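Residues per chain, in single letters:
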Amino acid sequence: QRMLMVASCLGATFRLSAVMTVMKNISRVEMMNSMRASMRSVLGTAATMGSSSASLLSSDLSNACTDQDCSDSSYASSIEEFEGEGLCEVDNEECRFMHDQIQSAAFELISPEQRDSFRGRIGSVLLRTLPPEELEASLFEVVGLLNCAASNATDSRLKRVAEFAGRRAPMNDFLSEIGS
């Protein structure tokens, strides 16, 4: 679930390395805080289905949130599982949700009150940890994520990155126009 939440914030198409980077750098506490209100809603729905369903789901959610840190192979295995279940499609390093409703459902796992700050945190992790060439390739996505929490931001680096992205935007428009 946590991987799907992160991937849903990265967009319909996302890089596997970006998901892994974020998963390694965002604490379980942050993930739990982002999921808390949504979990209560899901558990409430499960309770109406019967007490055994609610307790089973509650157990699954709490176990999922307390397991040990995952390794790269564990993350890759999860992505393969998602692909096998028809949730996403993997082509080399690029992953894509099979349907926009899957991405929306994964995004709905994030508490509405926490969405902007969670996306901002993802952007901050990517800005801090991506190698320069990957950051440049993902520049607009990272700036978009950072802008989600921009009302709270005073980081001068965010401002510099946003200005750089703004200068690159006209060139990208020009290149895509002459390429088509």
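Thresholds, definitions, all that
- All residue numbers here refer to positions counted from 1 along the written sequence of the relevant chain.
- Owing to the predicted nature of the model, reporting of local features is limited to residues with pLDDT of at least 70; listing and counting of side-chain atom pairs is limited to 80 or more, with chain, interface and lining totals taken over all residues.
- As a rule here, side-chain values cover all heavy atoms of the structure and leave hydrogens and water aside.
- For helices the rule is a DSSP run of H or I covering at least 4 residues; for strands it is a run of E covering at least 2, with both sets numbered from the N terminus onward.
- Between two residues, a contact is recorded if the distance between any of their heavy atoms is within 4.5 Å.
- Accessible areas in this description were obtained via Shrake-Rupley with a 1.4 Å probe; residue shielding takes into account the shown protein chains only.
- Residue burial is assigned from relative accessible area. The probe radius is 1.4 Å, only protein chains are included, and a residue is buried under 20% of its type maximum, exposed over 50%, and partly exposed in between.
- Joining through side-chain atoms within 4.5 Å is the link that ties buried Ala, Val, Leu, Ile, Met, Phe, Trp, Tyr and Cys residues into a set, and such a set is a nonpolar core.
- Per-residue confidence from the prediction method is given by pLDDT, with values spanning 0 to 100.
- When DSSP finds two or more bridges between a pair of strands, those strands are recorded as paired.
- Cavities and pockets were defined on a 1 Å grid built from protein atoms only: a cavity is a group of points that admits a 1.4 Å probe but offers it no way out, a pocket is an open group of points flanked by protein on both sides within 12 Å along at least five of seven lines, and a lining residue is one with an atom within 4 Å of any such point.
- Grid points are joined across faces, edges and corners, and a volume is the space filled by probe spheres set on the points.
- Just so you know the grouping, Ala, Val, Leu, Ile, Met, Phe, Trp, Tyr, Cys and Pro go in nonpolar, Asp, Glu, Lys and Arg go in charged, and all remaining residues, Gly too, go in polar.
- Counting rule for disulfides: a pair of cysteine sulfur atoms within 2.5 Å.
- Salt bridges are defined as contacts in which a side-chain nitrogen from Lys or Arg sits within 4 Å of a carboxyl oxygen from Asp or Glu.

As a further point, take the overall build of the protein. Of regular secondary structure, the protein possesses ten helices and three strands. In the protein, the succession of helices and strands from N to C terminus is α-β-α-α-α-α-β-β-α-α-α-α-α. Across the protein, every contact between residues at least 6 apart in sequence was considered, and the portion connecting residues at least 24 apart equals 67%. Summed over its atoms, the accessible surface of the protein is roughly 10200 Å², and 52% of this surface lies on carbon and sulfur atoms.

This next bit is on the environment of Ala 7. Relative to the helices and strands, Ala 7 resides in helix H1 (residues 2-10). Overall, Ala 7 belongs to the buried group, its relative accessible area being 2%. C-alpha separation for the pair Ala 7 and Arg 96, spaced 89 residues apart in sequence, amounts to 9.2 Å. Discounting chain neighbours no more than four positions away, the residues touching Ala 7 are Phe 14, Val 19 and Phe 97.

Turning our attention to the nonpolar core. The biggest cluster of nonpolar side chains holds 35 residues, and the ones touching the most others in it are Val 6, Leu 10, Val 19, Phe 118, Ile 122 and Leu 126. Counting residues per element, the ones that place at least two in this core are H1, helix H2 (16-25), helix H5 (72-84), strand S3 (94-97), helix H6 (100-108), helix H7 (115-129) and helix H9 (139-148). Here this core gets seven residues from one element, more than from any other, and that element is H1. The residues contacting Leu 10, other than those within four sequence positions of it, are Ala 18, Val 19, Ile 122, Leu 126 and Leu 145.

Bringing the confidence of the model for the protein into the picture now. With 59% of its residues at a pLDDT of at least 70, the protein reaches an overall mean of 74. H6 holds the highest mean pLDDT among the elements of the protein, 93, whereas helix H4 (residues 51-64) holds the lowest, 44. Every residue in residues 51-69 is under pLDDT 50, and counting partners more than four places away or in other chains gives 21 contacts.

Sheet analysis places strand S2 (residues 88-91) next to S3, joined by four bridges and oriented antiparallel. Along S3, the bridge assignment pairs Cys 88 with Phe 97.

Further remarks concern H2. The buried fraction of H2 amounts to eight of the ten residues, a majority that puts the element mostly inside the structure. Every buried residue of H2 is accounted for by Leu 16, Ser 17, Ala 18, Val 19, Met 20, Thr 21, Val 22 and Met 23.

Take the layout of surface pockets next. In this structure, the second largest pocket occupies an estimated 200 Å³ of space. For the second largest pocket, the lining is made up of 14 residues, of which Thr 13, Phe 14, Arg 15, Ser 138 and Glu 141 are closest to its centre. For the lining of the second largest pocket, the elements supplying multiple residues, two or more each, are strand S1 (13-15), helix H8 (132-137) and H9. When the residues that make up the lining of the second largest pocket are grouped by side-chain class, the tally is eight nonpolar, two polar and four charged.

Attention now goes to the state of the cysteines. Inspection of every chain in the model, using the stated rule, returns zero disulfides. You can see Cys 95 has no disulfide; the closest cysteine sulfur is in Cys 88, sitting 5.5 Å from it. According to the relative accessible area criterion, Cys 95 is buried, its value standing at 1%.

Turning our eyes to something else, we now look at unusual backbone geometry. The phi angle at Asn 92 is positive, at roughly 60°, despite the residue not being glycine. Looking at where Asn 92 falls in the secondary structure, it is placed in the loop between S2 and S3.

One pass over the structure, following the stated rule, counts three salt bridges. Residue Glu 89 is joined to Arg 96 by a salt bridge in which the shortest nitrogen-to-oxygen separation is 2.7 Å. We classify Glu 89 as partly exposed; its relative accessible area is 35%. When the shortest N-O distance is used, the salt bridge between Arg 115 and Glu 108 registers 3.2 Å. Exposure remark for Arg 115: the relative accessible area of 15% places this residue in the buried category. Residue Glu 108 is classed as partly exposed on the basis of its relative accessible area, which comes to 47%.

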